[in-house]
Structures are given as C-alpha cells and as structure tokens.
Amino acid sequence: MRVSVEVNGSAETVDEVWEGESLLYMLRERMGLPGSKNACEQGECGSCTVYLDGVPVCSCLVAAGQAHGRSVRTVEGLATASDTAERLDPMQQAFVEAGAVQCGFCTPGLIVQAHDLIEHNPRPSDAEIREALAGNLCRCTGYEKILDAVRLAARRKAEAR
Ligand code: FES
Ligand code: FES
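Please read these numbers as outputs of a predicted model, since none were measured by experiment. By convention here, each chain's residues receive numbers from 1 onward along its written sequence. Think of it this way: whatever chain is written first is A, whatever ligand is written first is 1, and the rest follow in order. Given that this is a predicted model, residues contribute local features only at a pLDDT of at least 70 and side-chain atom pairs are listed and counted only at 80 or more, while totals for whole chains, interfaces and linings are drawn from all residues.

## Let's talk about the overall build of the protein
Then, number 1: Counting its regular elements, the protein contains five helices and seven strands.
Then, number 2: Going from the N terminus to the C terminus, the protein shows its helices and strands as β-β-α-β-β-β-β-β-α-α-α-α.
Then, number 3: Note on method: radius of gyration uses C-alpha positions; expected globular size equals 2.2 Å times residues raised to 0.38. Its C-alpha atoms give the protein a radius of gyration of 16 Å, within 12% of the compact-globule value 15 Å for 161 residues.
Then, number 4: Each of the 161 residues in the protein was classed as buried or not, and the buried ones make up 39%.
Then, number 5: Considering only intrachain contacts with a sequence separation of at least 6, the fraction spanning at least 24 residues in the protein is 59%. Each helix is a run of DSSP H or I of at least 4 residues and each strand a run of E of at least 2, with the numbering of both proceeding from the N terminus. Burial is judged by counting other C-beta atoms within 10 Å of a residue's own C-beta: 20 or more means buried, 12 or fewer means exposed, and anything between counts as partly exposed, with every C-beta placed from the backbone. It is the C-beta atoms, placed from the backbone, that decide contacts: two residues are in contact if theirs lie within 7 Å.

Here it is as structure tokens:
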C-alpha cells in the first residue's frame, strides 16, 4: 500500500507499507525519524506519542494506513531550523535545562504530550500536569524533574505573552 502523509510540514509518500504496519514503525524504519521511541508497542507507555492532525496519539497503536492524507508532527518537528542553526522548542529546551532527561527513552513522548498541554492550558496546575502526563511512563527520573521542566516551559510561555 502507498501512504501519502504530511510529516513535520513536508509532503511524503511511502510505498510498500504493509497493512499491519504501525505509524511508529513507518516513521522510525522507513522515514528516518527515530525520535519517537518504541518501548512497549501496546499503548501503555506513551514513548511513541506524536501529533496526528494536531492531537497527541500513541503512534504504536495507529496503523500507518490510517495516517494517509493526514498530518503528523513528531518530536523532531517541534524544533525549528534555519540555515545556520536549529532551535529547540521551549519544551525541549526546558527538559534539557531542568535535567528531566536520563536514559531519554520516555522523553520524546513526554515532550509532545507536555507541548500539547501548555498549548491548551498555558498555566497548568501541578495536578493538571500530572493528569496530562499520566499516560507517559518514565522509569528513571522519579518525575519531579519532568514536572520542573513543564513548569519552566509554561512559565516562560506565560512571560512571553
Ligand atoms: S510504544 Fe507506544 S505506548 Fe509504548
Ligand atoms: S528518562 Fe529513562 S525512562 Fe524516562
């Protein structure tokens, strides 16, 4: 099957996608986008989270064919590139500065999910952050530094307004 999909702003076509193939597999193995991680492949951990038509989804649970004609944004697509430099998205930058990354396996999914949270709720309470990230599992950090990162990104976003 041929899948035509917009990924991170570029129109892409992928051939010979098999019917059981996941969007996660297509992104990582066929499109050279390994940012989204494959940890459980069962919708349990959130490490594969990407935007599909602007809504965060577990890409391991979405068939690649379901993305046909739609728009996908991965963690790679959050950064902005110019001719001279790549600039991290403020949520990516906050994760780095807050020390919220250890092994990094959970990080891309958490960043996409947290990015979505502060798009819709620029001043989330701690309870709202925990609720929004409840589907994203991390076995390294103990979550406190992840909360710090989201608070930092939200504060900067609010100050920039
Ligand atoms: S790899 Fe998709 S939810 Fe864990
Ligand atoms: S940093 Fe290792 S699983 Fe989260």
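## Brief notes about the nonpolar core
Then, number 1: Counting residues in hydrophobic clusters, the biggest one holds 42 residues, and the most contacted among them are Ala114 and Ala153.
Then, number 2: Breaking this core down by element, the ones donating at least two residues are β1 (3-7), α1 (23-30), β3 (49-52), β4 (55-58), α2 (90-98), α3 (107-120), α4 (126-132) and α5 (144-160).
Then, number 3: Per element, the largest residue contribution to this core is six residues, and it comes from α3.
Then, number 4: Both domain 1 (3-76) and domain 2 (80-160) contribute no fewer than three residues apiece to this core.
Then, number 5: Aside from chain neighbours lying at most four places away, what touches Ala153 is Pro90, Met91, Ala94, Ala114 and Ile118. Working definition: the nonpolar core is a set of buried Ala, Val, Leu, Ile, Met, Phe, Trp, Tyr and Cys residues, joined through C-beta atoms within 7 Å. These domain boundaries are the output of an automatic or database domain assignment.

## Things to note about α5
Then, number 1: By this rule, a helix spans an expected 1.5 Å times one less than how many residues it contains. In a regular helix each residue adds 1.5 Å, so 17 residues correspond to 24 Å; α5 covers 24 Å between its end C-alpha atoms and thus fits that length.
Then, number 2: Residues Ile146, Ala149, Val150, Ala153 and Ala154 constitute the buried set of α5. For α5, the buried positions fall inside an angular range of 125 degrees around the axis, keeping them on one side. Turned more than 90 degrees away from the buried face of α5 sit Glu144, Ala158 and Glu159, all of them exposed.
Then, number 3: Considering only its buried residues, α5 is in contact with α2, α3 and α4. Here the arc refers to the set of directions running from the helix axis out to each C-beta atom.

## Some points on the domain arrangement of the protein
Then, number 1: Partitioning the protein into domains gives domain 1 (3-76) and domain 2 (80-160).
Then, number 2: Put simply, the middle of domain 1 and the middle of domain 2, counted by C-alpha atoms, are 21 Å apart.
Then, number 3: Among the elements that make up the side of domain 1 that touches domain 2, the one with the highest residue count is β3 (three residues).
Then, number 4: Split into classes, the residues belonging to the side of domain 1 that touches domain 2 amount to seven nonpolar, five polar and one charged. Amino acids outside the nonpolar list (Ala, Val, Leu, Ile, Met, Phe, Trp, Tyr, Cys, Pro) and the charged list (Asp, Glu, Lys, Arg) are all regarded as polar, and Gly is one of them.

## Considering unusual backbone geometry
Then, number 1: At Asn8, a position not held by glycine, the phi torsion is positive, near 50 degrees.
Then, number 2: Its identity is not glycine, yet Asp53 carries a phi of approximately 50 degrees, on the positive side.
Then, number 3: For Asp53, a count of 12 C-beta atoms within 10 Å puts it in the exposed group.

## Re the sheet that holds strand β2 (residues 10-14)
Then, number 1: Two strands are said to pair when DSSP picks up at least two bridges between them. Strands sit in the order β2-β1-β5-β3-β4 across an open sheet of five strands; the sheet is mixed. The sheet is open, and its two edges are formed by β2 and β4, each paired on a single side. On average, each strand axis in the sheet is tilted by 40 degrees relative to the strand beside it, whichever way the strands run.
Then, number 2: For β1 and strand β5 (residues 71-73), the ladder comprises two bridges, and the chain directions are parallel. Opposite Glu6, over in β5, you have Ser71 as the bridge partner.
Then, number 3: Contacts between α3 and the sheet are confined to β3 and β4, with β3 contributing the most and set at about 45 degrees to the helix. Only the stretch in contact is used when fitting a helix axis, every axis being a line fitted to C-alpha atoms; angles between N-to-C directions are given from 0 to 180 degrees.

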